[in-house]
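Here is what each chain is made of, one letter per residue.
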Amino acid sequence: MERIIMHIDVNNAFLSWSAVDLLKKGFGYDIRESYAVIGGDEKTRKGVVLAKSPLAKKMGIQTGETLYSARKKCPALRTFPPNYLWYQEMSKKLFQLLSQYTCDIEIFSIDECFLDYGKVQNLYGNSLEFAKKIKDEIQTTLGFTVNIGIANNKLCAKMASDFSKPNQIHTLFQTEIQTKMHPLPISDLFGVGKKSSEKLKKLGIRTIGALAFENPDRLYPYFKNQSMKLIEMANGIDESEVVSVKEENKGISNSTTLEKDVSSKVELYQVLESLSNNVALELRRQNKYTYVICVQLKDQYFSSYSHQKKLKNATNLTKEIFEISKSLLDEMWKGEAIRLVGIRLDHLVAKSMHQVSLFETVEKRDQDVTLERTLDSLKEKYGHKVIDTASLLDGKKVGFKKSKH
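Residues numbered from 1 in each chain as written. Predicted model: local features only at pLDDT ≥ 70, side-chain atom pairs only at ≥ 80, totals over all residues. Heavy atoms only, no water.

From N to C terminus, the protein chain includes 17 helices and twelve strands. The 405 residues of the protein chain split such that 47% are buried. The long-range fraction of contacts in the protein chain, counting pairs at least 24 apart against all pairs at least 6 apart in sequence, stands at 62%. Surface exposure of the protein chain reaches about 21600 Å², of which carbon and sulfur atoms provide 52%. (Helix = DSSP H or I, 4+ residues; strand = E, 2+ residues; numbered from the N terminus. Buried < 20%, exposed > 50% of the residue type's maximum accessible area, 1.4 Å probe, protein only. Contact = heavy atoms within 4.5 Å. Areas by Shrake-Rupley, 256 points an atom, 1.4 Å probe, with all protein chains shown as cover.)

This is the structure in structure tokens:
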């Protein structure tokens with residue numbers, strides 16, 4: 001089966017969705033065709049531009065600049081407040097429409113997603129024809145336009161959807177990488193941030209093609225273990241799967257984007273400790289147990305990967321979830337800088353038929369269950385940081401500094 005991935009991205013989501021809302025309410029014109037911006041709250045966001053119309057963009061207005069500055073560039077500019085509840089509703093309608101065709105959808109953000117089309121191509125036919133059908137259906141039924149990128153993996157599909165806008169379909173198959181992707185400036189490579197882009201430019205690497213054929217040894221002093229990853233990305237190599245969440249088997253998850261990229265296992269353990277506490281507490285609140293524990297990581301180049309373990313015995317104990325999460329991290333982490341860590345619990349059940357091993361007793365496990373239930377009650381009453389188990393506070397055992405309470 002040929003791997004075909006689509007990336008569907010709403011054109012100028014906040015402005016488009018506000019325009020749809022205003023037109024439904026009888027507003028006199030389409031703000032997408034005027035000098036308009038979606039402006040943040042003057043008090044809480046210092047009046048910054050959140051989204052801009054094409055005409056406003058032609059006047060030099062940029063996302064993130066102050067409304068004061070934008071009005072100086074365009075005196076005729078009109079500002080409209082954001083409506084986040086409406087944006088969530090429109091996002092939901094988009095993904096519901098797409099889910100009529102396949103359940104293999106990965107929501108990437110509020111206004112974009114990946115779709116594994118290869119798995120349903122036999123049902124719907126040629127990928128370009130299907131993309132046109134979807135694009136037109138979204139515009140007709142929901143009132144806004146999208147760009148669709150089609151490729152053999154997520155990286156290239158994302159790149160393709162950004163080629164030219166709005167309301168366009170682009171392909172970037174493996175056979176097209178040299179002609180369509182390699183001539184682009186290095187800053188256009190998805191996953192390469194501003195700092196990395198500047199480093200590469202200082203090395204004389206100004207196009208994606210130049211990076212694709214670079215010697216990894218030359219990059220290593222500047223990018224360490226990510227050197228080969230960067231070269232693979234420039235060659236359009238991406239093996240990551242489209243990860244869909246099926247509602248009928250809804251799990252429990254908790255993730256955090258770190259304030260700074262972290263390259264220390266000690267610090268990553270600390271993050272896992274906190275996440276383990278959160279997901280285990282929610283698991284016990286629901287009176288459920290988990291058979292599958294998954295650790296998710298996103299590195300500094302926004303590449304995501306995960307590792308999971310299926311348990312012989314379902315659990316809802318914090319210390320067991322934490323210990324398994326640490327072992328998963330040890331197996332998967334290659335030492336690169338990490339920007340996001342998550343834990344997900346799947347295959348949830350209402351009962352646990354625990355099989356005691358040679359190294360534990362029923363009494364010992366009952367004590368652990370009772371202890372964690374007691375801690376839950378104390379945390380509910382006094383806050384989550386007031387108390388914790390001795391095993392998690394044992395700095396030598398997990399490599400933490402002891403918490404101060």
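From this point, things continue past the structure.
The next thing to look at is the sheet that holds strand S9 (residues 252–262). The four strands lie next to each other as S9-S12-S10-S11, forming an open sheet whose pairing is antiparallel. Each edge of the sheet is formed by a strand with only one pairing partner; in this case those strands are S9 and strand S11 (304–315). Recorded for the sheet is a direction-independent mean angle of 15° between the axes of neighbouring strands. Examined bridge by bridge, strand S10 (residues 289–299) and S11 share eight bridges and lie antiparallel to one another. (Pairing = 2+ DSSP bridges. Axes fitted to C-alpha atoms, helices over the stretch in contact; angles between N-to-C directions.)

This part is about the pattern of salt bridges. Under the criterion given, the structure shown has 19 salt bridges. A salt bridge links Glu112 to Lys158, with the nearest nitrogen and oxygen atoms 2.8 Å apart. One end of the pair, Glu112, is in strand S6 (residues 112–116); the other, Lys158, is in helix H7 (residues 154–161), and 46 residues separate them in sequence. Given the relative accessible area of 8%, Lys158 is considered buried. Note that Arg344 is salt-bridged to Asp346, the shortest N-O span being 3.0 Å. (Salt bridge = Lys/Arg side-chain N within 4 Å of Asp/Glu carboxyl O.)

Once that is clear, we can look at the sheet that holds strand S2 (residues 36–39). Here we have three strands laid out as an open sheet, ordered S3-S2-S4, and mixed in their pairing. The open sheet terminates on both sides in strands that have one partner only, identified here as strand S3 (49–52) and strand S4 (78–80). Put simply, the sheet's adjacent strands are angled 35° from each other on average, direction ignored.

This next bit is on helix H9 (residues 194–202). For H9, the full list of buried residues reads Ser196, Ser197 and Leu200. Buried residues along H9 cover an arc of 100° about the axis, so they all sit on one side. Opposite the buried face of H9, by more than 90 degrees, sit the exposed residues Lys194, Lys195 and Lys202. Buried positions along H9 lie against helix H10 (208–212) and helix H11 (216–223). (Arc of directions from axis to C-beta.)

So, on to the environment of Phe130. By secondary structure assignment, the location of Phe130 is in helix H6 (residues 127–142). Filtering out sequence-adjacent residues up to four positions away, Phe130 remains in contact with Met6, Tyr101, Tyr117 and Tyr124.

So, on to helix H12 (residues 227–234). Because the α-helix completes a turn every 3.6 residues, residues three or four places apart line up on one side. Those residues of H12 that sit buried are Ser227, Leu230, Ile231, Met233 and Ala234. One face of H12 carries all of its buried residues, which in axial projection span an arc of 160°. Elements in contact with the buried residues of H12: H7, helix H8 (177–181), H10 and H11. Note on H12: the residue one or two positions beyond its end, Gly236, has a positive phi of about 70°.

This paragraph deals with the packing of aromatic side chains. Two measures describe an aromatic ring pair: the distance that separates the ring centres and the angle between the ring planes. In this structure the tally under the stated criterion is 13 aromatic pairs. Between Phe14 and Tyr87, the aromatic rings sit 4.3 Å apart at their centres with planes inclined by 15°, giving stacked as the arrangement. One end of the pair, Phe14, is in helix H1 (residues 13–24); the other, Tyr87, is in helix H4 (residues 84–99), and 73 residues separate them in sequence. Taking the centre distance of 5.4 Å and the plane angle of 80° together, the rings of Tyr101 and Phe130 count as edge-to-face. Of the two residues, Tyr101 is situated in the loop between H4 and strand S5 (105–109) and Phe130 in helix H6; the sequence distance between them amounts to 29 residues. (Phe/Tyr/Trp six-rings, centres within 6.5 Å; stacked < 30°, edge-to-face > 60°.)

Mapped onto the elements, Ile343 comes out in strand S12 (residues 338–349). Put simply, Ile343 and Leu275 are 68 residues apart on the chain and 6.6 Å apart in space, counted from C-alpha to C-alpha. Look past the residues within four positions of Ile343 in its chain and what remains in contact with it is Ile252, Ser253, Asn254, Leu272, Leu275, Ser276, Val279, Ile293, Cys294, Gln296 and Ser325.

Turning to the packing of helix H13 (residues 265–285) against helix H14 (residues 318–332), a few remarks are in order. Interhelical geometry of H13 versus H14 gives an angle of 140° and a closest axis separation of 8 Å. Looking at the two axes, H13 sits oblique to H14. Handedness of the crossing formed by H13 with H14: right-handed. Counted together, Lys265, Leu268, Tyr269, Leu272, Glu273, Ser276, Asn277, Val279, Ala280, Leu283 and Arg284 of H13 and Thr318, Ile321, Phe322, Ser325, Lys326, Leu329 and Asp330 of H14 form the full contact between these two elements. Looking at side-chain class alone, the contact of H13 with H14 contains nine nonpolar, four polar and five charged residues. (Parallel < 35°, antiparallel > 145°, perpendicular 65-115°, else oblique. Left-handed = near helix turned anticlockwise from the far one by under 90°. Nonpolar A, V, L, I, M, F, W, Y, C, P; charged D, E, K, R; others polar.)

What follows is about the pairing of S10. In the sheet, S10 pairs with S12 via ten bridges, with the strands oriented antiparallel. Counterpart to Ile293 in the pairing with S12 is Leu345.

Here we come to the confidence of the model for the protein chain. Scored by pLDDT, the protein chain has a mean of 86; 84% of the residues are at 70 or more. Predicted confidence for residues 384–405 stays below pLDDT 50, and this span has 44 contacts to residues more than four positions away or in other chains. (pLDDT = per-residue confidence, 0-100.)

On to the packing of H11 against H12, then. Contact pair H11 / H12: the axes reach a minimum separation of 8 Å and the direction vectors enclose 120°. Classified by the interaxial angle, the pair formed by H11 and H12 is oblique. Contact with H11, carried on its side by Pro216, Leu219, Tyr220 and Phe223, involves Ser227, Met228, Leu230 and Ile231 of H12 and no other residues of that element. Residue composition of the contact of H11 with H12, grouped by class: seven nonpolar, one polar and no charged.

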